[in-house]
Protein chains: 2
Amino acid sequence: MTARTPTDAVRDIPEATVARLPVYLRALTALADQGITTCSSEDLATAAGVNSAKLRKDLSYLGSYGTRGVGYDVDYLRYQIAREIGVTQDWPVVIVGIGNLGHALANFSGFRSRGFRVVALLDADPALHEQQVAGIVVRPFDDLEQIVRENDVAIGVISVPAFAAQDVADRMVAAGISSILNFAPTVLSVPPGVDVRKVDLSIELQILAYHEQRKAHGEPV
Amino acid sequence: MTARTPTDAVRDIPEATVARLPVYLRALTALADQGITTCSSEDLATAAGVNSAKLRKDLSYLGSYGTRGVGYDVDYLRYQIAREIGVTQDWPVVIVGIGNLGHALANFSGFRSRGFRVVALLDADPALHEQQVAGIVVRPFDDLEQIVRENDVAIGVISVPAFAAQDVADRMVAAGISSILNFAPTVLSVPPGVDVRKVDLSIELQILAYHEQRKAHGEPV
DNA sequence: TGCGTTTTGTTCTCACGTTCACAAACTCCT
DNA sequence: AGGAGTTTGTGAACGTGAGAACAAAACGCA
């Protein structure tokens, strides 16, 4: 991931910072909703649940958008972060696998409000086709290629059972999708250049269980 | 309870390792299902999607459960990891907020099979009470304290809208819950000693969007 | 038994991430 | 205008994590 144009100084933002930018974005939106127009790094850090030094360092990777002695303009900073993340326009998204979880995802209002637009719901089960979920008609999985082509879809969401996930991922990649959010509890293998992020409920619970066990077993509070 | 015996030298396992142990556990289960009884660190690392040096280092924090020149006994290692995580018995879990996502969580079979048992579904909306979801009757949120007490619940799942999440968390903590898995898109503040992990769909998508934008903008593949 | 092969467990080094601490830069007040 | 008070942006120190590399330990075979 090197070799850029000389003019485009491509600050490469650390991955840990990238993962926090959406949190800052949401915190800024919350502040704006409260009518707050200016905030200090301390205020924003509190709202985002991080420490203020980290926040300032994170923001410094984007540029110098604050004013010393004053703080940050909420709307301006919000726009700058949104631009950096790339959510100033909507990204088209397809969801494959309309089971319980797929239903929930399709109905999730946060997509629309945060820069994403569900352009299609796909499922291999013919019993679901023509049904409406969240106001969108479920279509056959085989329509994937066409939908990706017509809507220029780059991001796919997988909410199928584990055994089917790799096949779906392969088809997505072949169709031109290059970012995948995977809810299936399995390791996906994809070619280089394709990003996969996974969300795994039982892993999160197991991590909690580990710490819980330690609490119970270790010192008595 | 008791302090640890001097021999039990309280290995504190790095957080990064803890987060991977469940992945290894699942990979081992997959291998066992294929009838494989022994595997090398290379095999397991491939199945888990990590590099073998990292895997061996992770396992070394637990103890020395492999055999040089041979590899790991799948069942034995699986048991050791399960024991370390604390999922050799079931953890009782309550889910609060039975909307679309709560439905999906209640029906998620991975809970049961990975060391967790949903003991109650709670919702503040009376319209849902007495309804069955995934074979469990939805009960009023006010039953929380009683349920936690009677079932010795330590882990709670929050799948309510963002505006209600902090209240639910406060009530959970007051009831004695000390680990929370939060699906609401908001920062929870909890007293020290309480663990919170969050799962946030739009944040994951925004991280993908950031990288996607870079791909499109940077080199032409 | 002893040698060669395999594979683990661990050490060492480097990269990444977090936090501290402070100079620079801005506002406000006299 | 100048000094006091704020708050940002960043350099430097520290801690954690990742990967390469290798010694130690097991096995198999002559």
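Note: the structure precedes this text.
Here's what I pulled together on the structure shown here. Remember, it's a predicted structure, so these values are computed and weren't measured experimentally.

**Observations concerning the interface of chain A and chain B**
Residue-level contacts link 72 residues of chain A with 68 residues of chain B. Roughly 6100 Å² of surface becomes buried between chain A and chain B when both sides are summed, with 63% attributable to carbon and sulfur atoms. Of all residues in chain A, the largest losses of buried area upon contact with chain B belong to Leu205, Gln206 and Leu208 of chain A, amounting jointly to 11% of the total for that side. The salt bridge involving Asp195 of chain B is made with Lys215 of chain A; its shortest N-O contact spans 3.5 Å. Remark: the boundary between chain A and chain B carries 28 residue pairs in polar contact (both at pLDDT 80 or more). Of all the elements, helix H9 (residues 201–217) of chain A adds the most residues to the side of chain A that touches chain B, at 17 residues. Among the residues making up the side of chain A that touches chain B, the classes are represented as 38 nonpolar, 16 polar and 18 charged.

**Looking at the nonpolar core**
Formed by 100 residues in total, the largest nonpolar core has its most connected members in Ile81 and Phe116 of chain A together with Ile81 and Phe116 of chain B. Dropping the residues within four chain positions of it, Phe116 of chain B is found in contact with Ser202, Leu205, Gln206 and Ala209 of chain A together with Val87, Asp90, Trp91, Val93, Phe111 and Ile155 of chain B.

**Topic: empty space enclosed by the protein**
Where empty space is left in the structure can be found by rolling a water-sized probe over the atoms. Inspection of the entire model under this criterion finds one cavity of 30 Å³ or more. There is about 60 Å³ of room inside the largest cavity. Surrounding the largest cavity, Leu101, Phe183, Val199 and Leu201 of chain A together with Leu101, Leu105, Phe183, Val199 and Leu201 of chain B form its lining. Looking at the lining of the largest cavity residue by residue, the classes come out as nine nonpolar, no polar and no charged.

**Describing the packing of aromatic side chains**
Two measures describe an aromatic ring pair: the distance that separates the ring centres and the angle between the ring planes. Residues and elements named next belong to chain B. All chains considered together, the criterion is met by four aromatic pairs over all chains. Judged by centre distance (5.1 Å) and plane angle (85 degrees), the ring pair of Phe108 and Phe111 falls under edge-to-face. Owing to a relative accessible area of 23%, Phe108 belongs among the partly exposed residues under this scheme. Its relative accessible area of 3% is what places Phe111 among the buried residues.

**A look at the sheet that holds strand E8 (residues 155–158) of chain B**
Pairing in this open sheet of seven strands is mixed, and the strands run E6-E7-E5-E4-E8-E9-E10 (chain B) from one edge to the other. In this open sheet, the two edge strands, each paired with only one partner strand, are strand E6 (132–133) and strand E10 (195–198) of chain B. Strand direction decides the pairing type here: E6 of chain B and strand E7 (residues 136–140) of chain B, joined by two bridges, are antiparallel. Its bridge partner lying in E7 of chain B, Gln132 of chain B is registered against Val137 of chain B. On the sheet, H9 of chain A packs against strand E4 (91–96), strand E5 (116–123), E8, strand E9 (179–182) and E10 of chain B and is oriented at approximately 165 degrees with respect to E9 of chain B. Contacts from helix H7 (residues 144–151) of chain B reach E4, E5 and E7 of chain B within the one sheet, and its direction differs from that of E5 of chain B by about 165 degrees.

Thresholds applied
Residues numbered from 1 in each chain as written. Chains lettered and ligands numbered in written order. Predicted model: local features only at pLDDT ≥ 70, side-chain atom pairs only at ≥ 80, totals over all residues. Heavy atoms only, no water. Contact = heavy atoms within 4.5 Å. Buried area = accessible area lost by both parts, 1.4 Å probe. Salt bridge = Lys/Arg side-chain N within 4 Å of Asp/Glu carboxyl O. Polar contact = N/O pair within 3.5 Å; in protein donor to acceptor, adjacent residues only side chain to side chain. Helix = DSSP H or I, 4+ residues; strand = E, 2+ residues; numbered from the N terminus. Nonpolar A, V, L, I, M, F, W, Y, C, P; charged D, E, K, R; others polar. Core = buried A, V, L, I, M, F, W, Y, C linked by side-chain atoms within 4.5 Å. Buried < 20%, exposed > 50% of the residue type's maximum accessible area, 1.4 Å probe, protein only. 1 Å grid on protein atoms, 1.4 Å probe; cavity = no way out; pocket = protein on both sides within 12 Å on 5 of 7 lines; lining within 4 Å. Points joined across faces, edges and corners; volume = space filled by probe spheres on them. Phe/Tyr/Trp six-rings, centres within 6.5 Å; stacked < 30°, edge-to-face > 60°. Pairing = 2+ DSSP bridges. Axes fitted to C-alpha atoms, helices over the stretch in contact; angles between N-to-C directions.

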